[in-house]
Amino acid sequence: MSEMINDESRCPCGTGLTFAECCGPILLGRRRAPTAEALMRSRFSAFAVGDSDHLLRSWHPDTRPQDLILDDGMRWLRLDVESVTGGGPFDTAGTVEFTAMYRADGHRGQLHEISSFTRYEGAWVYVDGTV
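The structure presented is a predicted model; accordingly, all values stated were derived computationally and were not measured.

Describing the pairing of strand β1 (residues 74-86)
(1) Moving on: Pairing analysis gives eleven bridges linking β1 to strand β2 (residues 93-104), with the strands arranged antiparallel. Across the sheet, residue V84 finds its bridge partner in β2, namely V96.
(2) Moving on: Linkage of β1 to β2, two consecutive antiparallel strands, is achieved through a turn of six residues, within which G87 is found at a positive phi near 75 degrees.

This is the structure:
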């Protein structure tokens, strides 16, 4: 993981919880994301800390790239979840609309996406997104 974060740091996904209480155990594979939103938040945290292994692991095999090289010059700053449809503990599919703010090459930017998630072998996985 490229960005320094410890268990007591605030989780990058913006819940206000510590990393150990929120996305940390999901990134480390100690627990599964209970909802599509939780998986999406863990994926944002993975981008923020440079954890490409979690990103690939949590991507549906039908849409997952062979490899993933993260841009070390991009710093993910904040996540705003706009809406969630489905994706609950008893659902098999869901969508999460979000805006993620970042800084790259000295400029601020934002990514607005509607991400699709599904259950695969009992776990939530990212399928694709519409920007």
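With respect to the packing of aromatic side chains
(1) Moving on: Applying the stated criterion across every chain, the model contains five aromatic pairs.
(2) Moving on: Ring geometry for F47 and W76: centres 5.9 Å apart, planes at 55 degrees, overall tilted. Taken together, the residues span a long stretch of sequence, with F47 in helix α2 (residues 36-49) and W76 in strand β1 at a distance of 29 residues.
(3) Moving on: The exposure class of W76 is buried, given its relative accessible area of 14%.
(4) Moving on: A connected cluster of aromatic rings, assembled from ring pairs, spans F44, F47, W76 and Y102.
(5) Moving on: Positioned above the aromatic ring of W59 is the side chain of R43, whose terminal nitrogen or guanidinium carbon lies 4.9 Å from the ring centre.

Considerations on the environment of L77
(1) Moving on: The residue L77 is located in strand β1 in this model.
(2) Moving on: With 33 residues separating them in the primary sequence, L77 and Q110 have C-alpha atoms 9.5 Å apart.
(3) Moving on: Beyond its immediate chain neighbours, meaning those up to four positions away, L77 contacts F44, M101, Y102, R103 and R108.

Regarding the pattern of salt bridges
(1) Moving on: Scanning the entire structure with this criterion turns up two salt bridges.
(2) Moving on: Between R41 and E37 there is a salt bridge, with the nearest N and O atoms lying 3.0 Å from each other. One end of the pair, R41, and the other, E37, are both in helix α2, four residues apart, so they sit about a helical turn from each other.
(3) Moving on: The buried category is assigned to R41, whose relative accessible area is 15%.

Reading guide: rules and limits
Residues numbered from 1 in each chain as written. Predicted model: local features only at pLDDT ≥ 70, side-chain atom pairs only at ≥ 80, totals over all residues. Heavy atoms only, no water. Pairing = 2+ DSSP bridges. Helix = DSSP H or I, 4+ residues; strand = E, 2+ residues; numbered from the N terminus. Phe/Tyr/Trp six-rings, centres within 6.5 Å; stacked < 30°, edge-to-face > 60°. Buried < 20%, exposed > 50% of the residue type's maximum accessible area, 1.4 Å probe, protein only. Lys NZ or Arg CZ within 6 Å of the ring centre and 35° of its normal. Contact = heavy atoms within 4.5 Å. Salt bridge = Lys/Arg side-chain N within 4 Å of Asp/Glu carboxyl O.

Worth remembering: the numbers are spatial, not functional.
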